[in-house]
Amino acid sequence: MTTIYDIAKKTGYSPTTVSKAFNNYSDVRAKTREEILRTAREMGYLPNAHARTLTTKKSWTLGVLFVEGTGAGIRHPFFGAVIESFKQIAVDKGYALMFISKDVGGKQSGYLENCRIHGVDGVVVFLSDYEDPYFLELLESNIPTVILDYETPKSHTVCSDNMAGAMMAVDYLTSLGHSRIAHISGGVNTVPGNQRQEGYLAAMKRHGNELREEYIVEGEFYVLENGYTAMQKLLALPERPTAVFASGDMLALGAMMAAKDSGLSVPGDISVMGYDDIELARYVTPALTTVRQDTASLGIRAAEVLLASVDRKGNGMEAIVLPVEVIERESCAPPGKK
């Protein structure tokens, strides 16, 4: 059986150069690459990856478009958990993952051009700016996509039931006796943030709780620092809330820190509830009561839907909404209970 060492001996190039030519390294001259590939064909050699591509008409590569505004990147526990479960399914099916950017060869181009240059079979999208023209260009293309936490008829989508989860949070806090319930929003410029705020408002109205404009403070981007600042604003009100529902666990943890730094007890003086159920939520003191999103299922279903689309299975775009549940821990208690 012919190997790259046979090709190296025949062409006079090193095995490293031969390998780089097969893998399209930029430091191999076009003339050199052509000579190596021609010799490989003449000797009946074809790298495994190339063979699979020619046989199946697929690159066996999935793009990951991940852009979020926190600066935390994949280190954010929610995103990291979803991408990890997505990766496990993709790898098990024989796919490699590649992160997509707007830059190709050091020059800004666009997500679509990047995808076409690398021949990705499909793209999973985690994005903070869905009005980005480069994203919209990708969405209009024929490359299969699945988008997390977004709504559009132009792509497969997977998300949790954000509105129901927020309503469940308010229901739970109301069941403890709270009526002065504030909301630290994740921002209405995102689908999850908007839906969770809508769920909060709907549940407050349903229970007859007074809706106060000053009780809704935008945390934005789901980071601890913004939760801290938002909580400071709530605690400075003439009549502070007895409970706070935050649109994300990182916001809730920031809110708890602000309460403690102000000399208040959680939940003795004020209850705090989050959303996501990141791993850290169970280890802080007090442990955080929250609404759990099933990050494993989000990643798995996103991978399954995208791979089915790549294989041309199924008809039409799927919009998958996964259920959530309240996880009761120690950060919430009846008002005034020390």
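That block above? That's the structure.
Residues numbered from 1 in each chain as written. Predicted model: local features only at pLDDT ≥ 70, side-chain atom pairs only at ≥ 80, totals over all residues. Heavy atoms only, no water.

K.L.:
Can you walk me through the sheet that holds strand E7 (residues 156-160) in this structure?
P.N.:
Read from one edge of the open sheet, six strands run E2-E1-E5-E6-E7-E13, paired in parallel fashion. In this open sheet, the two strands that pair with only one neighbour each are strand E2 (96-99) and strand E13 (319-322). Put simply, the sheet's adjacent strands are angled 20° from each other on average, direction ignored. Note that strand E6 (residues 145-148) and E7 share three bridges and pair parallel. (Pairing = 2+ DSSP bridges. Helix = DSSP H or I, 4+ residues; strand = E, 2+ residues; numbered from the N terminus. Axes fitted to C-alpha atoms, helices over the stretch in contact; angles between N-to-C directions.)

K.L.:
Explanation requested: the pairing of strand E11 (residues 271-276) in the structure shown.
P.N.:
Along a regular strand, successive side chains alternate from one face of the sheet to the other. Counting buried positions along E11 yields six of six residues, so the element is predominantly enclosed. Burial along E11 is two-sided: the residues Ser-271, Met-273 and Tyr-275 and Val-272, Gly-274 and Asp-276 are all buried. Looking at chain direction, strand E10 (residues 243-246) and E11 are connected through three bridges and run parallel. If you follow Val-244 over to E11, its bridge partner there is Val-272. Remark: the E10/helix H11 (residues 249-261)/E11 crossover connection has right-handed handedness. Note that E11 and strand E12 (residues 289-292) share four bridges and pair parallel. Along E12, the bridge assignment pairs Gly-274 with Thr-290. (Buried < 20%, exposed > 50% of the residue type's maximum accessible area, 1.4 Å probe, protein only. Right-handed = clockwise from strand over helix to strand, strands pointing away.)

K.L.:
Any chance you could explain the environment of Asn-189 here in plain terms?
P.N.:
Looking at the secondary structure, you find Asn-189 in the loop between strand E8 (181-185) and helix H9 (191-206). The exposure class assigned to Asn-189 is exposed, which follows from its relative accessible area of 51%. Linking Asn-189 and Ser-128, residues 61 residues apart in sequence, is a C-alpha distance of 8.9 Å.

K.L.:
How should I be thinking about H9 in this particular structure?
P.N.:
An α-helical segment advances 3.6 residues per turn. Residues three or four places apart therefore align on the same side. In a regular helix each residue adds 1.5 Å, so 16 residues correspond to 22 Å; H9 covers 22 Å between its end C-alpha atoms and thus fits that length. Among the residues of H9, those classed as buried are Val-191, Pro-192, Gly-193, Gln-195, Arg-196, Gln-197, Gly-199, Tyr-200, Leu-201, Ala-203 and Met-204. Against helix H8 (162-175), E8, strand E9 (216-218), E10 and E11 lie the buried residues of H9. The opening residue of H9, the one whose side-chain oxygen lies 3.1 Å from the backbone nitrogen of Gly-193, is Thr-190. Just beyond H9, the residue with positive phi is Gly-208, at close to 75°. (Expected span 1.5 Å × (residues − 1). Contact = heavy atoms within 4.5 Å. Polar contact = N/O pair within 3.5 Å; in protein donor to acceptor, adjacent residues only side chain to side chain.)

K.L.:
Got a minute to help me understand the packing of helix H1 (residues 4-11) against helix H3 (residues 30-42) in this structure?
P.N.:
Each packed pair of helices is defined by two parameters, the angle between the axes and the distance between the axes. Two elements in contact, H1 and H3, have axes separated by 10 Å at closest approach and are oriented at 120°. Regarding H1 and H3, the two cross each other, and that crossing is right-handed. Residues Ile-7, Lys-10 and Thr-11 of H1 form the contact with H3, whose own contacting residues are Glu-35, Ile-36, Thr-39 and Ala-40. Among the residues forming the contact of H1 with H3, the class breakdown is three nonpolar, two polar and two charged. (Left-handed = near helix turned anticlockwise from the far one by under 90°. Nonpolar A, V, L, I, M, F, W, Y, C, P; charged D, E, K, R; others polar.)

K.L.:
Sorry, what's going on with the sheet that holds E9 here?
P.N.:
Hydrogen bonding along the main chain pairs the strands of a sheet, whether they run parallel or antiparallel. Overall, mixed pairing links the six strands, which are arranged E9-E8-E10-E11-E12-E14 in an open sheet. Where the open sheet ends on each side, the last strands, each with one partner, are E9 and strand E14 (325-327). Pairwise comparison of adjacent strand axes, ignoring direction, gives a mean angle of 20° for this sheet. Sheet strands in contact with helix H10 (residues 224-235) are E8, E9, E10 and E11, and its direction is about 150° off that of E8.

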